[in-house]
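Here is how the chains run, residue by residue.
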Amino acid sequence: MPWQPLSRSLRVVAFGAAVAAVLLTAAAPSHAAAPGPGPAGPPVPLSMVASIAYAQCVSGGATSADTTVANQLRGRMNGRRLGASLSAYHVSCARVITATAAGRGLDKRAAVIAITTAITESSLHNYTEAVDHDSLGLFQQRPSQGWGTPAQLVDPIYATNAFLNAMLRKYPNNAWMSGDIGRICQAVQVSALPDAYGYEVHDAQLLANALWSGGGGSGGSRYWVDTFANAPVFASATSTAQTGTLNQGTNYVFCKTWGRQIGSGTSYNHWWLKTDPDTGPANQYVSAYYLSRWGNDEARDNSGVVIPDCAGGTRPKYWVDTFANAPVFASATSTAQTGTLNQGTNYVFCKTWGRQIGSGTSYNHWWLKTDPDSGPAEQFVSAYYLSRWGNDEARDNNGTVIPTC
């Protein structure tokens, strides 16, 4: 079952039906050359920050750990919008932004850029009420400009991914890794106040430094998860020699890596989580199959934050060429389109058998899991759209057979 963050229950009914817009993916776009959204709204005036309706950034609200970080950093903050007013709520919002950037395998500088933008635009408030046209959320993104629906833009994970997608489009080939951060923020947002971002970089750097996991391992950031049973742990994500046990209950993990499948049929997981188990040595791996709250091949903490990759833990990608813009769906049997994968070179993760696309002498039953250019991540596109292969084939551009999901 997909996670429903608290913010999604606080939709602004004043907007009525969501404005039709080009939806941005909740993960890295497969084809970065696609056009991006239009300008975001200007920063919320400081005089209105406290009077506009806003939602929690994480389900259940800020944690005691967020309070600790706020207390540690408050005296060192010197920006124009937060400064000494930094609260646990602000930290919880920055934590979602940071974890989302880390979960995509991006450098910490991406989190600094995104937090700088969110501080400038909303003073780190997940606004559910628009005061400038239809601007919403942490980044004051506008449905009418193609950033997403109102409900999506008050989901901090979606909103962060939408910002990062736009940044990667504007700055391909990691160009965002250098240059003035304030100017990068402005290039993405196209704000009416272009000079405002530079004043918040210092505070954003403090927050990112405090919240960045740094690749996992003991002493890194901890992500709290519920497990439904005592789970065996192993020295690696591919090992079969049990080294200890993680007891059922609420446990912390550091990061995730892709490995052997645990479970089968309709219940399985390939992600493994680095943790300190209850018995056995520290820094072992437990399968995300044992998480109570999430589904197949998901690895999120109890708040819905994507657990970041361990060093070298990125999910394998298979690159394919598609000959046309292709509709994507939530499953290999669904008929309700959820987004689009643009024509070009795209990545996919795995394949599954499903309904036939095409007919006569040109058809395919294989479906490929991917992150589309518009719509949510982890969707399925028909292998019919592959440029290089024939009926019921699913290979990457090198001819490698794409593994089964």
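See the structure above.
Presented here is a report on the structure given in the accompanying data block. (Residues numbered from 1 in each chain as written. Predicted model: local features only at pLDDT ≥ 70, side-chain atom pairs only at ≥ 80, totals over all residues. Heavy atoms only, no water.)

**Regarding the overall build of the protein**
Across its full length, the protein carries seven helices and 15 strands. Partitioning the contacts of the protein with sequence separation of at least 6, the portion at a separation of at least 24 is 65%. For the protein, the exposed area adds up to about 16,100 Å²; of that, 51% sits on carbon and sulfur atoms. (Helix = DSSP H or I, 4+ residues; strand = E, 2+ residues; numbered from the N terminus. Contact = heavy atoms within 4.5 Å. Areas by Shrake-Rupley, 256 points an atom, 1.4 Å probe, with all protein chains shown as cover.)

**Considerations on helix α2 (residues 88-103)**
Along its 16 residues, α2 runs 22 Å from first to last C-alpha, staying within 8% of the 22 Å computed at 1.5 Å per residue. Just downstream of α2 lies Gly-105, where phi reads positive at about 80°. (Expected span 1.5 Å × (residues − 1).)

**Points about unusual backbone geometry**
Phi at Asn-283 takes a positive value of approximately 55°, unusual for a residue other than glycine. Structurally, the position occupied by Asn-283 is in the loop between β7 (267-275) and β8 (284-287). Of the residues examined, Asn-283 reaches a relative accessible area of 31% and is grouped as partly exposed. Even without a glycine there, the phi angle at Asp-297 is positive, about 55°. Position of Asp-297 relative to the elements: it lies in the loop between β8 and β9 (318-322). Accessibility expressed as a relative area gives 4% for Asp-297, which makes it buried. (Buried < 20%, exposed > 50% of the residue type's maximum accessible area, 1.4 Å probe, protein only.)

**Regarding the sheet that holds β7**
The sheet built from six strands is open, its strands ordered β3-β6-β7-β8-β4-β5 with antiparallel pairing. The two strands at the open ends of the sheet, each matched to only one other strand, are β3 (223-227) and β5 (242-246). Sheet twist, expressed as the average angle between the axes of neighbouring strands with direction ignored, equals 45°. Alignment of strand β6 (residues 249-264) against β7, held across eight bridges, turns out to be antiparallel. Paired with Lys-256 across the strands is Leu-273, a residue of β7. (Pairing = 2+ DSSP bridges. Axes fitted to C-alpha atoms, helices over the stretch in contact; angles between N-to-C directions.)

**Observations regarding the layout of surface pockets**
What the second largest pocket holds in volume is close to 510 Å³. Along the walls of the second largest pocket sit 20 residues, with Thr-63, Ala-65, Arg-95, Arg-222 and Trp-224 positioned nearest its centre. Going through the elements one at a time, α1 (64-73), α2, α7 (201-211) and β3 are the ones with two or more residues in the lining of the second largest pocket. Per element, the largest residue contribution to the lining of the second largest pocket is five residues, and it comes from α1. (1 Å grid on protein atoms, 1.4 Å probe; cavity = no way out; pocket = protein on both sides within 12 Å on 5 of 7 lines; lining within 4 Å. Points joined across faces, edges and corners; volume = space filled by probe spheres on them.)

**Structural notes on the packing of aromatic side chains**
As enumerated under the stated definition, the model contains 17 aromatic pairs in all. The interplanar angle of 80° and the centroid separation of 5.5 Å between the aromatic rings of Trp-319 and Tyr-347 together place this pair among those described as edge-to-face. With Trp-319 in strand β9 and Tyr-347 in strand β12 (residues 344-348), the pair connects residues that are 28 residues apart, well separated along the chain. Assessed through its relative accessible area of 42%, Trp-319 is described here as partly exposed. A relative accessible area of 3% places Tyr-347 in the buried class. Relative to Trp-366, the ring of Trp-353 has its centre 4.8 Å away and its plane inclined at 85°; by these criteria the two rings are edge-to-face. Of this pair, Trp-353 sits in strand β13 (residues 350-359) while Trp-366 sits in strand β14 (residues 362-370), placing them 13 residues apart in sequence. Residue classification places Trp-366 among the buried positions, given a relative accessible area of 18%. Of the aromatic side chains, those joined through ring pairs into one cluster are Tyr-54, Tyr-89 and Tyr-127. (Phe/Tyr/Trp six-rings, centres within 6.5 Å; stacked < 30°, edge-to-face > 60°.)

**Regarding the side chain of Gln-186**
Here Gln-186 is to be found in helix α6 (residues 181-189). In terms of polar contacts, Gln-186 uses its side chain to reach the backbone amide nitrogen of Ser-191, at 3.0 Å. In contact with Gln-186, other than residues within four places in its own chain, are Ser-191, Pro-194 and Tyr-197. (Polar contact = N/O pair within 3.5 Å; in protein donor to acceptor, adjacent residues only side chain to side chain.)

**Remarks on the environment of Gln-186**
Judged by its relative accessible area of 18%, Gln-186 falls in the buried class. When the C-alpha positions of Gln-186 and Pro-39 are compared, they lie 9.7 Å apart, and in sequence the two are 147 residues distant.

**A word on the side chain of Asn-364**
Its location among the elements puts Asn-364 in strand β14. Within polar-contact distance, the side chain of Asn-364 engages the backbone nitrogen of Trp-366 at 2.8 Å. Apart from residues no more than four positions distant in its own chain, Asn-364 is found in contact with Arg-355, Gln-356, Ile-357, Ser-382, Ala-383, Tyr-384, Gly-390, Asn-391, Asp-392 and Glu-393.

**What about the pattern of salt bridges?**
With the rule as written, the count across this model stands at eight salt bridges. Note that Arg-142 and Asp-134 form a salt bridge whose closest N and O atoms lie 2.7 Å from each other. Of the two residues, Arg-142 and Asp-134, neither departs from the other in class, the shared state being buried. Glu-298 is paired through a salt bridge with Arg-300; the nearest N and O atoms lie 3.6 Å apart. (Salt bridge = Lys/Arg side-chain N within 4 Å of Asp/Glu carboxyl O.)

**Points about the packing of α1 against α2**
α2 packs onto α1 with a crossing angle of 105° between their chain directions and a minimal axis gap of 8 Å. In terms of axis orientation, α1 runs roughly perpendicular to α2. Counting all contacts with α1, which are made through Asp-66, Thr-67, Val-69 and Ala-70, the residues of α2 involved are Ala-88, Val-91, Ser-92 and Arg-95. Its residues placed into classes, the contact of α1 with α2 shows four nonpolar, two polar and two charged. (Parallel < 35°, antiparallel > 145°, perpendicular 65-115°, else oblique. Nonpolar A, V, L, I, M, F, W, Y, C, P; charged D, E, K, R; others polar.)

**So, the sheet that holds β13**
Spatial strand order, β11-β10-β15-β14-β13: five strands in an open sheet with antiparallel pairing. Because the sheet does not close on itself, it has two edges, and the strands there are β11 (337-341) and β13. Each strand axis lies, on average, 35° off the axis of its neighbour in the sheet, ignoring direction. Pairing of strand β10 (residues 326-329) with β11 involves four bridges; the strand directions are antiparallel. Within β11, the residue paired with Pro-327 across the bridge is Thr-340.

Don't take any of this as a statement about function, it's just geometry.
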